[in-house]
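Working through the structure, step by step
Each chain, written out:
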Amino acid sequence: MGGKIGDLEAEKHVRYIVSVEKRRDDFESVVTEHLRMNGAYWGLTALDLLGKLEVVDQDEVVSWIMECQHESGGFGGNVGHDPHVVHTLSAVQVLALFDKLNVLDADKVSNCILGTYNITGLQNEDGSFSGDSWGEIDTRFTYIAICCLSILQCLGKINVEKAVNYVVSCKNVDGGFGCTPGAESHAGQIFCCVGALALMGSLHHVDKDLLGWWLCERQVKSGGLNGRPEKLPDVCYSWWVLSSLIMIDRAHWIDKNKLIKFIIDCQDRENGGISDRPDDAVDVFHTYFGVAGLSLLEYPGLKPIDPAYALPVDVVNRIFFSRR
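Residues numbered from 1 in each chain as written. Predicted model: local features only at pLDDT ≥ 70, side-chain atom pairs only at ≥ 80, totals over all residues. Heavy atoms only, no water.

Let us look at the overall build of the protein chain. Counting secondary structure elements, the protein chain contains 14 helices and two strands. Expected size for 324 residues packed as a compact globule is a radius of gyration near 20 Å; at 19 Å, the protein chain falls within 12% of this value. In terms of its C-alpha atoms, the protein chain occupies a principal-axis envelope of roughly 50 × 50 × 40 Å. Scored against the burial criterion, the 324 residues of the protein chain give a buried share of 55%. In the protein chain, of all internal contacts separated by at least 6 residues, the share reaching a separation of at least 24 is 65%. Per element, the accessible surface of the protein chain, about 13900 Å² overall, is 50% carbon and sulfur. In the protein chain, the 29 positive side-chain charges and the 44 negative ones have mean positions that sit 5 Å from each other. (Helix = DSSP H or I, 4+ residues; strand = E, 2+ residues; numbered from the N terminus. Rg over C-alpha atoms; globule rule 2.2 N^0.38 Å. Buried < 20%, exposed > 50% of the residue type's maximum accessible area, 1.4 Å probe, protein only. Contact = heavy atoms within 4.5 Å. Areas by Shrake-Rupley, 256 points an atom, 1.4 Å probe, with all protein chains shown as cover. Lys, Arg positive; Asp, Glu negative; His and termini not counted. Charge placed at Lys NZ, Arg CZ, Asp CG, Glu CD.)

Under the 1.5 Å per step criterion, the end-to-end length of helix H1 (residues 10-22) is 19 Å for 13 residues, consistent within 8% with the ideal 18 Å. Listed as buried for H1 are His 13, Val 14, Tyr 16 and Ile 17. Relative to the axis of H1, the buried residues are bounded by an arc of 165° and lie together on one face. For H1, the exposed residues set more than 90 degrees away from the buried face come down to Arg 15 and Lys 22. Looking at the buried residues of H1, the elements they touch are helix H3 (36-49), strand S1 (274-275), strand S2 (282-283) and helix H13 (284-296). (Expected span 1.5 Å × (residues − 1). Arc of directions from axis to C-beta.)

So, about the packing of H3 against helix H4 (residues 58-67). In the contact formed by H3 and H4, the axes pass within 11 Å of each other and the chain directions differ by 150°. The pairing of H3 with H4 is recorded here as roughly antiparallel in orientation. Note that H3 runs across H4; the crossing there is left-handed. Of H4, the residues touching H3 (which contributes Arg 36, Met 37, Ala 40 and Leu 44) are Val 61, Trp 64 and Ile 65. Taken together, the residues of the contact of H3 with H4 break down into six nonpolar, no polar and one charged. (Axes fitted to C-alpha atoms, helices over the stretch in contact; angles between N-to-C directions. Parallel < 35°, antiparallel > 145°, perpendicular 65-115°, else oblique. Left-handed = near helix turned anticlockwise from the far one by under 90°. Nonpolar A, V, L, I, M, F, W, Y, C, P; charged D, E, K, R; others polar.)

On to unusual backbone geometry, then. Even without glycine at this site, Asp 279 takes up a positive phi of about 75°. Its location among the elements puts Asp 279 in the loop between S1 and S2. Classification of Asp 279 as exposed rests on a relative accessible area of 79%. In the Ramachandran plot, Ala 310 falls in the positive-phi region, its phi being about 55° despite a non-glycine side chain. Its relative accessible area of 5% is what places Ala 310 among the buried residues.

To continue, consider the packing of H3 against H13. For any two helices packed against each other, the geometry is given by the interaxial angle and the distance between the axes. Put simply, H3 and H13 touch, their axes get as near as 9 Å, and they point 35° apart. Like other packed secondary-structure pairs, H3 and H13 cross with a definite hand, here left-handed. In contact with Gly 39, Tyr 41, Trp 42, Gly 43, Thr 45, Ala 46 and Leu 49 of H3, H13 contributes Val 284, Phe 285, Tyr 288, Phe 289, Val 291, Ala 292 and Ser 295.

Nonpolar side chains tend toward joint burial in soluble globular proteins. Membership of the largest hydrophobic core comes to 107 residues, with the highest contact counts inside it found for Tyr 143 and Tyr 288. Not counting chain neighbours up to four residues away, the residues in contact with Tyr 143 comprise Leu 89, Phe 191, Cys 192, Gly 195, Ala 196, Leu 199, Ala 308, Tyr 309 and Ala 310. (Core = buried A, V, L, I, M, F, W, Y, C linked by side-chain atoms within 4.5 Å.)

With the rule as written, the count across this model stands at 13 salt bridges. In this structure, Arg 269 engages Glu 9 in a salt bridge whose closest nitrogen and oxygen atoms are separated by 2.8 Å. Of this pair, Arg 269 sits in the loop between helix H12 (256-265) and S1 while Glu 9 is found in the segment before H1, placing the two residues 260 residues apart along the sequence. Accessibility expressed as a relative area gives 36% for Arg 269, which makes it partly exposed. Lys 303 is the partner of Asp 48 in a salt bridge, and the nearest nitrogen-oxygen pair spans 2.7 Å. Taken as a pair, Asp 48 in helix H3 and Lys 303 in the loop between H13 and helix H14 (313-321) lie far apart in primary sequence, 255 residues in all. Judged by its relative accessible area of 7%, Asp 48 is buried. Among the residues examined, Lys 303 registers a relative accessible area of 21% and is labelled partly exposed. Taken together, the shared-partner salt bridges in this structure form one network comprising Asp 48, Lys 303 and Asp 314. (Salt bridge = Lys/Arg side-chain N within 4 Å of Asp/Glu carboxyl O.)

If you walk through the whole model with that rule in mind, you get zero disulfides. Here Cys 147 stays free of any disulfide, with the sulfur of Cys 148 as its closest cysteine sulfur at 7.3 Å. On the accessibility criterion, Cys 147 (0% relative accessible area) is buried. In this structure Cys 179 is not part of a disulfide, and its nearest cysteine sulfur, from Cys 170, lies 7.8 Å away. Judged by its relative accessible area of 26%, Cys 179 falls in the partly exposed class. (Disulfide = S-S within 2.5 Å.)

Now for the packing of aromatic side chains. Scanning the model with the defined rule gives nine aromatic pairs in all. Consider the rings of Phe 285 and Phe 289, whose centres lie 4.7 Å apart with planes at 65°: the pair is edge-to-face. Here Phe 289 and Phe 285 lie together in helix H13, a separation of four residues that amounts to about one turn. A relative accessible area of 3% means that Phe 289 is categorised as buried. Connected via pairs of aromatic rings, a cluster forms that spans Tyr 41, Trp 42, Tyr 143, Phe 191, Trp 239, Trp 240, Phe 285, Tyr 288 and Phe 289. One residue, Arg 36, lies across the ring of Trp 64, its end atom 4.4 Å from the ring centre. The side chain of Arg 218 reaches across the aromatic face of Trp 214, ending 4.5 Å from its centre. (Phe/Tyr/Trp six-rings, centres within 6.5 Å; stacked < 30°, edge-to-face > 60°. Lys NZ or Arg CZ within 6 Å of the ring centre and 35° of its normal.)

Fair warning: the whole summary comes from geometry, so function is off the table for now.
Set out below in structure tokens:
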């Protein structure tokens, strides 16, 4: 695979990610306070892929995460915030990074997702999942619930057949998937649906050639990938599109070297961080997805990442294959 480790400003990205956590009083930090759990997942996973997870205080992070747990078992985006299945998965993923899943009561967390306490992530009668007690339904929440339960090794607690059937009902004639049945195909939703089906052992429901064609058509002249036809490329789709292509064994249908160049060109070479497109402002979201995309592309010096769990491969192996 093309690319040299010298092209990736790895050390500057590490310093940038660490600096984001320290700037708690600036405007960007204040307006994203409710997303801090997701930000922790993005930043810490990027650090792990860069081989630098040790630069953060593990005990401090784990302590803060547990402060974000609601009495229902779910996690909020920050201390004092309402629980949501999105933040719950991020909390579980970060604890997995640190090999600290043992601090969780897996039954309590999974019961929250299952709706035992009538809070967050209920599986509905049609097999779909809601994100929280307010009842919004989206295939994102299906993937998130499935991924979280799988990491906790509690997947057998849900009606998997109904979950699979609901995801399949969101498939479109172009081979893609939307957020609900009949909704427009979108690369982010495709990742969620393909990822959920992969984790449930049901990828046979995907028309791999048709979907592979739709996904590879997302690559534009600059080498970047977009999320829908006629949209601008964005570094984050380096993850959503490429991970989906890998899961259906069609990644060879895009020009990987051009995609690497696009991601590298989106770096802030002076201060670190990666943006959505070249010369735009950087953020931790795109920094993570840029690094994760390069990992999928087997960029030298990066740890490999699992395309379904969105965690480093060694972390996933530790969850499922290590002896306790």
